[in-house]
Amino acid sequence: MISRLLSRFGSIVRNEQKELNIAPVHHLDRAFKTATFGMGCFWGAESLYGGTRGVLRTTVGYAGGTKDQPTYRNLGDHTEVLEIDYDPTVISYQQLLHIFWNNHEYGLTTVIKRQYMSLILYHDDEQKQIAELSKAKEGKRRTPEVITTEIAPKRNFYPAEDYHQKYRLQGHRDLSETLNLNSKLLRTSYVATKLNGYLVGVGGVEQFKTEVDTMGLTPSQKEYCYHYIEKNEGQGLYC
């Protein structure tokens, strides 16, 4: 079924969008707060949080250092980080931190180069207090290991290059093209954020069913997504 769909996917979806008056939902008008975390390679972290209920937007980038306008090939003293816009009525900052502590690919208890270090950049005094208490609690739980995570104020953020944004979703070229993504939307799109997580199995099929109708997907786009979510559910993330 999916192979037959893929052969004419773009034209099928375009016809559905026109006939059913459906368009990808790139923005939800909801109040949000922002969290910024560094937890190793940012590709996996962006998928992990994108497939989490309550997360509205994710953007990968560079922060925490002093170099002006860093790039991936000229990072200076910055760290790869993920900026997360979330609905605090659905998910709390404490819950985001729980995901943070339990999903480092590396670097949580081992000192590594600054690019991939464990880092929490707080946006206000409340986040600072919550992060410091959470780190102390996590440190006790992991004894005798020592957590290397740094906690600092968020002073800058430079979005990464387009090819880093929604990296897993961009691997689904046919689907990505039907979402009408441009450089800005790769960083800000709600539907791109969610699919970048769900397509690699984060959240799973049952959770996807509860959110899919908020994304502005056509029947063929939904069928495509269900296929890959079922295929990848339960697999681990990687960079």
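Residues numbered from 1 in each chain as written. Predicted model: local features only at pLDDT ≥ 70, side-chain atom pairs only at ≥ 80, totals over all residues. Heavy atoms only, no water.

(A) The side chain of Gln221, seen in detail. Along the chain, Gln221 falls in helix 11 (residues 219-232). On the basis of relative accessible area, Gln221 is assigned to the buried category, the value being 0%. There is a polar contact of 2.9 Å between the side chain of Gln221 and the side chain of Thr178. Residue contacts for Gln221: discarding those within four places in its chain leaves Phe9, Val13, Glu16, Gln17, Leu175, Thr178, Leu179 and Gly216. (Helix = DSSP H or I, 4+ residues; strand = E, 2+ residues; numbered from the N terminus. Buried < 20%, exposed > 50% of the residue type's maximum accessible area, 1.4 Å probe, protein only. Polar contact = N/O pair within 3.5 Å; in protein donor to acceptor, adjacent residues only side chain to side chain. Contact = heavy atoms within 4.5 Å.)

(B) Here's a closer look at the UniProt feature "domain: Selenoprotein methionine sulfoxide reductase A helical" (unreviewed entry) in the protein. When the UniProt feature table is mapped onto this chain numbering, "domain: Selenoprotein methionine sulfoxide reductase A helical" (unreviewed entry) sits at residues 181-226. Along residues 181-226, the helical share is 67% and the strand share 0%, with 21 Å between the first and last C-alpha atoms. (UniProt positions renumbered as here; feature names shortened; annotations may be inferred.)

(C) Just the nonpolar core, in detail. Ranked by internal contacts, the top residues of the largest apolar core, which has 29 residues, are Phe37, Tyr49, Tyr93, Leu96 and Ile120. Elements represented by at least two residues in this core include exactly strand 1 (33-39), helix 3 (42-50), strand 2 (55-63), strand 3 (79-86), helix 4 (93-101) and helix 5 (125-142). Per-element tally for this core: the top contributor is helix 4, with 6 residues. With residues up to four places along the chain from it excluded, the contact list for Leu96 reads Ala35, Phe37, Tyr49, Val55, Tyr86 and Ile91. Core analysis: the second largest hydrophobic core is formed by 22 residues, Leu56, Val191, Val212 and Cys225 among them. (Core = buried A, V, L, I, M, F, W, Y, C linked by side-chain atoms within 4.5 Å.)

(D) The arrangement of helix 9 (residues 190-198) in detail. Most of helix 9 is tucked away: 9 of the 9 residues are buried. Tyr190, Val191, Ala192, Thr193, Lys194, Leu195, Asn196, Gly197 and Tyr198 are the residues of helix 9 that are buried.

(E) Just the pattern of salt bridges, in detail. Going through the model one piece at a time under the given rule, you end up with 11 salt bridges. Here Arg173 makes a salt bridge to Glu177, at a shortest N to O gap of 3.3 Å. Remark: Glu177 and Arg173 occur in helix 7 (residues 173-178); sequence separation between them is 4 residues, near one turn of the helix. Judged by its relative accessible area of 61%, Arg173 is exposed. The partly exposed category is assigned to Glu177, whose relative accessible area is 44%. Of the charged contacts, one joins Lys194 and Glu211 as a salt bridge, the two residues approaching to 3.6 Å between their closest N and O atoms. Here Lys194 is found in helix 9, whereas its partner Glu211 is found in helix 10 (residues 204-211), with 17 residues between them in sequence. Pair check on accessibility: Lys194 and Glu211 agree, each one buried. Each member of the salt-bridge network shares a partner with another, and the members are Glu138, Arg141 and Arg142. (Salt bridge = Lys/Arg side-chain N within 4 Å of Asp/Glu carboxyl O.)

(F) Representation of the side chain of Arg168. Its location among the elements puts Arg168 in helix 6 (residues 167-170). Despite its burial, Arg168 pairs with no opposite charge, the nearest such side chain being Glu105 at 7.3 Å. Dropping the residues within four chain positions of it, Arg168 is found in contact with Trp43, Ser47, Asn196, Val200, Tyr238 and Cys239. (Lys, Arg positive; Asp, Glu negative; His and termini not counted.)

(G) Region of interest: the pairing of strand 2. Where burial is concerned, most of strand 2 is hidden: 9 out of the 9 residues are buried. Summarising the sheet, strand 2 and strand 6 (residues 158-159) pair through 2 bridges and their orientation is antiparallel. Bridge assignment links Tyr62 to a residue of strand 6, and that residue is Tyr158. (Pairing = 2+ DSSP bridges.)

(H) Fine view of the pairing of strand 1. With 6 of 7 residues buried, strand 1 lies mostly within the body of the structure. Pairing analysis gives 5 bridges linking strand 1 to strand 3, with the strands arranged antiparallel. Among the inter-strand pairings, Lys33 is bridged to a residue of strand 3, identified as Tyr86. Two strands pair when backbone bridges link them, and strand 1 and strand 4 (residues 118-122) are joined in this way by 4 bridges, in the antiparallel orientation. Directly across from Gly38, in strand 4, lies its bridge partner Leu119.

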